[in-house]
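Architecture and fold: a report
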Amino acid sequence: MSRRLFVALLSFGMALVSHATTPVLVIHGGAGVIKRDMTPAKEKAVRAAMTKALEAGYAQLKAGKPAIDAVTTSIAVLEDDSNFNAGKGSVFTHDGKNELDAAVMDGESLRAGSVAGVHRVKNPILLARAVMDHSPHVMLVGDGAEAFAKEQGIVLVDPSYFRTEERWQQWQKVLKDDAEKHARAGSDPTHHFGTVGAVALDKEGHLAAGTSTGGMVDKRWGRVGDSPIIGAGTYANAQCAVSGTGWGEFYMRTVAAHEICMRVSMLEEPVQRAAAEVINQEIPSMGGSGGAIALDTNGNIAIPFNTDGMYRGWIGADGIAHVALYDDEPDPSNHPPASATSSADASTNN
Ligand code: ASP
């Protein structure tokens, strides 16, 4: 081998080795009406839980684990915290039960797993992951999903585990105030949705997304929302990862998460513009509301929402957990104006 060829091969090899991606993790704890009337103790608890979820997930990325591990780890932390509408603390159905939905998707392989309408699975996100890793299927529902959980050694709990007084009172109020309207519309567009989700970029440059929820308060008839529907509330491919939160029916009708990623992958739109188009234009134009977190392979973050606030957090190159709850708190996507994000991201993403 000539000396020149050897040097060329060596520098190519070094370039490959040094091309580790800087990991990024973004999480949400739901969009909706979030005003500064939370008690200081509640706000502190929410910020602490978001920080804990970010740090737990980011530790996986730092250790070189795949993005899907960071996503499931962060979401499981939020499921265990009763301040969120996922796992413990999930909202009540019209029949006074808790019915949980969750999904995960690995962007590189396009593998996915999801579960819907489970009553006894402590961490639905772990069951969704098991569906992805250990079943030939993508989506399992109800009793069958719980039978699979048992086979997989996933922790099952008595349904009373999910009950919290706060959610019970919320449901009582809905029943009293507005039962008819809720039953018809299937939602209250003004409440804090509280679903949790995560998107991550690992050192290999691979993306993943996941979402977990108790769904909409007072839901009936086995209603399933967008969160466990691959493409609607949760989607990831090689270029983009999205987790949504909001009035699920609209996310399903727009196939919101998939549309954001298709805009990024196929139209080569910057992720902030793609996410803002779907969340701040399309969904509200149909009468829906909510938000999303989105991430691309360059680590660009988008967090559009068309509600008063959204629980959101991120860790990027600085390695520090950042949390924002209210509309006027800054975040990496320059929320809120869609027009501003379009021009801002044009300079950073392309
Ligand atoms: N999107 C969820 C659903 O419709 C609700 C939420 O995001 O809080 O089930």
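Data block above holds the structure.
What comes next concerns the included structure. (Residues numbered from 1 in each chain as written. Predicted model: local features only at pLDDT ≥ 70, side-chain atom pairs only at ≥ 80, totals over all residues. Heavy atoms only, no water.)

Taken together, eight strands build an open sheet; the order of strands is β4-β3-β2-β6-β5-β1-β11-β12 and the sheet is mixed. In this open sheet, the two strands that pair with only one neighbour each are β4 (139-141) and β12 (322-326). Averaged over all pairs of adjacent strands, the angle between strand axes in this sheet comes to 10°, irrespective of strand direction. Here strand β2 (residues 100-106) pairs with strand β3 (residues 111-118) via six bridges, running antiparallel. Along β3, the bridge assignment pairs L100 with V118. Helix α3 (residues 67-79) contacts β1 (24-32), β2, β5 (196-201) and β6 (207-213) of the sheet and is inclined by roughly 155° relative to β5. (Pairing = 2+ DSSP bridges. Helix = DSSP H or I, 4+ residues; strand = E, 2+ residues; numbered from the N terminus. Axes fitted to C-alpha atoms, helices over the stretch in contact; angles between N-to-C directions. Contact = heavy atoms within 4.5 Å.)

A separate point is the pairing of β6. Summarising burial for β6: seven of the seven residues are buried, a large majority. Where burial is concerned, the two faces of β6 agree: the one with L207, A209, T211 and T213 and the one with A208, G210 and S212 are both buried. Examined bridge by bridge, β2 and β6 share six bridges and lie antiparallel to one another. What sits directly across from D101, in β6, is T213. Summarising the sheet, β5 and β6 pair through six bridges and their orientation is antiparallel. Bridge pairing links V196 to S212 in β6. Between β5 and β6, which pair antiparallel and follow one another directly, the connecting turn spans five residues, one of which, G205, has a positive phi of 85°. (Buried < 20%, exposed > 50% of the residue type's maximum accessible area, 1.4 Å probe, protein only.)

What follows concerns the site of the ligand. Around the ligand sit F193, G194, T195, G215, M216, R223, G225, D226, S227, T245, G246 and G248, and that is every residue in its neighbourhood. For the ligand, an oxygen atom lies 2.5 Å from a polar atom in the side chain of T195. Between the ligand and the protein, one listed contact pairs an oxygen atom with a side-chain N or O atom of R223 at 2.7 Å. For the ligand, the accessible surface in isolation is 270 Å², of which the surrounding protein chains cover 100%. In this structure the site holding the ligand corresponds to the largest cavity. Broken down by class, the residue content of the shell around the ligand amounts to two nonpolar, eight polar and two charged. (Near = heavy atom within 4 Å. Polar contact = N/O pair within 3.5 Å; in protein donor to acceptor, adjacent residues only side chain to side chain. Areas by Shrake-Rupley, 256 points an atom, 1.4 Å probe, with all protein chains shown as cover. 1 Å grid on protein atoms, 1.4 Å probe; cavity = no way out; pocket = protein on both sides within 12 Å on 5 of 7 lines; lining within 4 Å. Sits in = over half its atoms within 2 Å of the grid points. Nonpolar A, V, L, I, M, F, W, Y, C, P; charged D, E, K, R; others polar.)

What follows concerns the nonpolar core. Membership of the largest hydrophobic core comes to 49 residues, with the highest contact counts inside it found for L25, I27, M50, F84, L127 and Y311. For this core, the element with the highest residue contribution is α3, accounting for eight residues. With 41 residues, the next largest nonpolar core counts V26, L207, A241 and V242 among its residues. (Core = buried A, V, L, I, M, F, W, Y, C linked by side-chain atoms within 4.5 Å.)

The next subject is helix α8 (residues 256-265). Among the 10 residues of α8, seven are classified as buried, and the element is accordingly described as predominantly covered. Where α8 is buried, its residues touch β7 (234-236), β8 (240-246), α7 (248-254), α9 (271-285) and β9 (290-296).

Between its first and last C-alpha, α3 extends 18 Å over 13 residues, near the 18 Å set by a 1.5 Å rise per residue. When you tally the buried positions in α3, you get 12 out of 13 residues, the bulk of the element. Those residues of α3 that fall on the buried side of the exposure criterion are A67, I68, D69, A70, V71, T72, S74, I75, A76, V77, L78 and E79. Buried residues along α3 sit in contact with β1, α2 (40-62), β2, α4 (124-134), β5 and β6. (Expected span 1.5 Å × (residues − 1).)

A few words on the state of the cysteines. Counted under the stated rule, the structure contains one disulfide. What pairs with C240 in a disulfide is C261, and their sulfur atoms sit 2.3 Å apart. Here C240 and C261 share a disulfide; its torsion about the S-S bond, -75°, makes the bridge left-handed. Taken together, the residues span a long stretch of sequence, with C240 in strand β8 and C261 in helix α8 at a distance of 21 residues. Take C240 and C261: they sit in the same class, and that class is buried. (Disulfide = S-S within 2.5 Å.)

What follows concerns the side chain of T234. Mapped onto the elements, T234 comes out in strand β7. Of note is the side chain of T234, whose polar atom sits 2.7 Å from the side chain of T211. In this structure T234 touches A103, A209, G210, T211, D226, S227, I229, V242 and A257, once residues within four positions along its chain are discounted.

This brings us to empty space enclosed by the protein. To find leftover empty space, a probe the size of one water molecule is rolled over the atoms. Under the counting rule described, the total for this entry stands at two cavities of 30 Å³ or more. For the largest cavity, the calculated volume is near 90 Å³. T195, T213, D226, S227 and G246 are the residues nearest the centre of the largest cavity, which is lined by 14 residues in total. The element that contributes the greatest number of residues to the lining of the largest cavity is β8, accounting for three residues. When the residues that make up the lining of the largest cavity are grouped by side-chain class, the tally is two nonpolar, nine polar and three charged. (Points joined across faces, edges and corners; volume = space filled by probe spheres on them.)

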